[in-house]
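The chain contents come next:
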Amino acid sequence: AYNGAAFTSFPHDSEQDMTQDELKDAVAAAAIDEIRPLLGRDIVIGVGTGSTADRFIDRLAALRGDFRGAVASSEASAERLKGHGIDLFDLNEVGTMPVYVDGADEVNAHLHMIKGGGAALTREKIVAACSERFICIADASKKVERLGDFPLPVEVIPMARSYVARELVKLGADPVYRQGVVTDNGNQILDCYEFMIDDPVAMEARLNAIVGVVTNGLFAARGADLLLLGTDQGVQRLT
Ligand code: ABF
């Protein structure tokens, strides 16, 4: 539910709408404020993937000395973190982390998300599972009533691709093979078009049960704990 009390206004001309990039910057900055109290010399944080997460990574650089390092949810984010001199850790060395910050492709009022537009869904779901709090950062265009306008990505073992696609058709989806994309785990992606999702928790489990599916892009069983949503009126804080 929207927590109306927690709303940060932007110091900008209200006559002028902010660009999507400005909204992404605003939520990245808000996420830095949110995690600052959690940081400490022994703290490792989870860091996500995508253009919004990139802005968070760039701002994290200024806090480099205040925490131990990060676990990245993709090779791309790992490179960016490294470029800022932030130490990277293997998740197996770290255990549970206090917080994971990442973007989303769609998010609903329950803070269920569709993720994986950038093909990093499997590592994102693993890092999220190992984090006490998931902070989702997104511009207002990502907020939806019902998940599914954004094609739901499903990561599959390559030899199972056609089988999984047939199973997805039975569920009502129109799966399309994302040509030329190999995930960080060496797998392939099917994007489910025409697939509006009424019960994200049930559908996440249903898709996970298809043999050959590695991960699906529904983050509902473990959704976000906090959504920082960039709007023209300010950053909304939804829990
Ligand atoms: C990651 O990056 C993904 O799960 C999602 O697909 C994407 C969002 O990217 P952006 O912030 O560029 O819209 O969070």
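Read on for an overview of the structure. Here the structure is a predicted model, which means the values were calculated and not measured.

**A word on the site of the ligand**
Thought 1: Neighbouring residues of the ligand: 14 residues in total, closest S51, T52, D105, E124 and K142.
Thought 2: Between the ligand and T49, the relevant distance is 2.7 Å, taken from an oxygen atom to a main-chain nitrogen or oxygen of the residue.
Thought 3: In this structure, G117 approaches the ligand through a main-chain N or O atom, which is 2.7 Å from an oxygen atom.
Thought 4: Contact with the protein chains removes 89% of the 360 Å² of surface that the ligand exposes when unbound.
Thought 5: Split into classes, the residues belonging to the shell around the ligand amount to 1 nonpolar, 8 polar and 5 charged.

**Considerations on a nonpolar patch on the surface**
Thought 1: Taken together, the side chains of I157, M159 and V214 define a hydrophobic patch exposed on the protein surface, amounting to about 310 Å² of accessible area.
Thought 2: Considering the arrangement of structural elements, one finds I157 in the loop between β8 (152-156) and α6 (161-170).

**Thoughts on the packing of helix α1 (residues 20-35) against helix α2 (residues 51-60)**
Thought 1: Contact geometry of α1 with α2 gives a least axis separation of 8 Å together with a crossing angle of 50°. Taken together, α1 and α2 sit at an angle that is classed as oblique. Read as a crossing pair, α1 and α2 show a hand that is right-handed. From α1, D21, K24, D25, V27, A28, A29, A31, I32 and I35 reach across to α2, where they touch S51, T52, R55, F56, R59 and L60.
Thought 2: For the contact of α1 with α2, a count of residues per class yields 8 nonpolar, 2 polar and 5 charged.

**Some points on the sheet that holds strand β12 (residues 218-219)**
In sheet architecture, strand pairing relies on hydrogen bonds along the backbone and comes in two forms, parallel and antiparallel.
Thought 1: Pairing is antiparallel in the open sheet, where 3 strands are placed in the order β5-β6-β12. Both outer strands of the open sheet, β5 (106-107) and β12, are each paired with one neighbouring strand and no more.
Thought 2: Pairing between β5 and strand β6 (residues 113-114): 2 bridges, direction antiparallel. Bridged to V107 within β6 is M113.

**Describing the sheet that holds β8**
Thought 1: Here we have 4 strands laid out as an open sheet, ordered β9-β10-β8-β11, and antiparallel in their pairing. Where the open sheet ends on each side, the last strands, each with one partner, are β9 (174-177) and β11 (213-216). Sheet twist, expressed as the mean angle between neighbouring strand axes with direction ignored, is 30°.

**Topic: the environment of G83**
Thought 1: Assignment of secondary structure puts G83 in helix α3 (residues 75-83).
Thought 2: Spatially, the C-alpha atom of G83 lies 9.6 Å from that of D58, the residues being 25 residues apart in sequence.

**Here we look at α3**
Structural remark: α-helix, 3.6 residues per turn; residues separated by three or four positions point the same way.
Thought 1: Residues of α3 that are buried: S77, A78 and L81. Viewed end-on, α3 has its buried residues packed into an arc of 105°, placing them on one side of the element. Facing away from the buried side of α3 by more than 90 degrees, the exposed set consists of A76 and G83.
Thought 2: Of the surrounding secondary structure, the elements contacted by the buried residues of α3 are β2 (44-47), α2 and β3 (69-72).
Thought 3: G85 occupies a position one or two residues after α3 and carries a positive phi of about 75°.

**Here's the deal with the packing of aromatic side chains**
Thought 1: In this structure the tally under the stated criterion is 1 aromatic pair.
Thought 2: Its end group placed over the ring of Y177, R161 keeps NZ or CZ at 3.9 Å from the ring centre.

**Here we look at unusual backbone geometry**
Thought 1: Even without glycine at this site, L111 takes up a positive phi of about 65°.
Thought 2: Backbone geometry at E194 places phi at a positive 55°, although glycine is not the residue there.
Thought 3: By the secondary structure assignment, E194 is in the loop between β10 (188-193) and α7 (200-208).
Thought 4: The class for E194 is exposed, based on a relative accessible area of 66%.

**A word on the pattern of salt bridges**
Thought 1: Per the stated rule, a full pass over the model turns up 16 salt bridges.
Thought 2: The shortest N-O distance in the salt bridge between R36 and D33 comes to 3.3 Å.
Thought 3: Taken together, the shared-partner salt bridges connect D21, D25 and R55 into one network.

Here is what the cut-offs are and how they apply
Residues numbered from 1 in each chain as written. Predicted model: local features only at pLDDT ≥ 70, side-chain atom pairs only at ≥ 80, totals over all residues. Heavy atoms only, no water. Near = heavy atom within 4 Å. Polar contact = N/O pair within 3.5 Å; in protein donor to acceptor, adjacent residues only side chain to side chain. Areas by Shrake-Rupley, 256 points an atom, 1.4 Å probe, with all protein chains shown as cover. Nonpolar A, V, L, I, M, F, W, Y, C, P; charged D, E, K, R; others polar. Patch = residues over 30% accessible without salt bridge, like charges linked within 9 Å, V, L, I, M, F, W, Y side chains within 5 Å. Salt bridge = Lys/Arg side-chain N within 4 Å of Asp/Glu carboxyl O. Helix = DSSP H or I, 4+ residues; strand = E, 2+ residues; numbered from the N terminus. Axes fitted to C-alpha atoms, helices over the stretch in contact; angles between N-to-C directions. Parallel < 35°, antiparallel > 145°, perpendicular 65-115°, else oblique. Left-handed = near helix turned anticlockwise from the far one by under 90°. Contact = heavy atoms within 4.5 Å. Pairing = 2+ DSSP bridges. Buried < 20%, exposed > 50% of the residue type's maximum accessible area, 1.4 Å probe, protein only. Arc of directions from axis to C-beta. Phe/Tyr/Trp six-rings, centres within 6.5 Å; stacked < 30°, edge-to-face > 60°. Lys NZ or Arg CZ within 6 Å of the ring centre and 35° of its normal.

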